[in-house]
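This is what each chain is made of:
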Amino acid sequence: MKVKIKYFASVREALGVDEENVDTRATTVGALRDELIARGGGHAQALARNRDGKTRAVRAALDQRMSAEDAALHEGCEVAFFPPVTGG
């Protein structure tokens, strides 16, 4: 399915891009994050999980609403990744 991904604040800075459109097999926000981490490089650093498997301080929103990692993706949805506190 096609998904639009937006990156904000330090996540955007680490990746050098503010948004991208991707084709994904992921069905949840967490699975999408895992796909992006698997790319390696900046994605792996910016979205990495702690060694104990817990999520790093990165929040996600699905269609402009805060979401849990088990939130279901749908065709054409928008997912945003950002740190817990962002500046204006």
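Residues numbered from 1 in each chain as written. Predicted model: local features only at pLDDT ≥ 70, side-chain atom pairs only at ≥ 80, totals over all residues. Heavy atoms only, no water.

Under an unreviewed UniProt entry, the name given to the protein chain is Molybdopterin synthase sulfur carrier subunit, and the source organism is Hylemonella gracilis ATCC 19624. As recorded by UniProt, the Sequence similarities (unreviewed entry) comment attached to the protein chain reads in full: "Belongs to the MoaD family." (UniProt positions renumbered as here; feature names shortened; annotations may be inferred.)

K.L.:
Can you lay out helix H2 (residues 29-38) for me, pointing to particular residues and giving the numbers?
P.N.:
Within the span of H2, buried status applies to Val29, Gly30, Leu32, Arg33 and Leu36. Projected down its long axis, H2 shows its buried positions confined to an angular sector of 160°, all on one face. On the buried face of H2, the contacting elements are strand E1 (2-7), strand E2 (19-23), helix H3 (41-47), strand E3 (59-62) and strand E5 (78-82). Count one or two residues on from H2 and you reach Gly40, which has phi positive near 85°. (Buried < 20%, exposed > 50% of the residue type's maximum accessible area, 1.4 Å probe, protein only. Helix = DSSP H or I, 4+ residues; strand = E, 2+ residues; numbered from the N terminus. Arc of directions from axis to C-beta. Contact = heavy atoms within 4.5 Å.)

K.L.:
Can you explain the nonpolar core? Please cite residues and give values.
P.N.:
Counting 20 residues, the largest nonpolar core has Ile5, Val29, Leu32, Leu73, Val79 and Phe81 as the members making the most contacts within it. Once you skip the residues sitting within four places of it in the chain, Ile5 turns out to touch Asp18, Glu19, Glu20, Val22, Leu32, Leu36, Val79 and Phe81. (Core = buried A, V, L, I, M, F, W, Y, C linked by side-chain atoms within 4.5 Å.)

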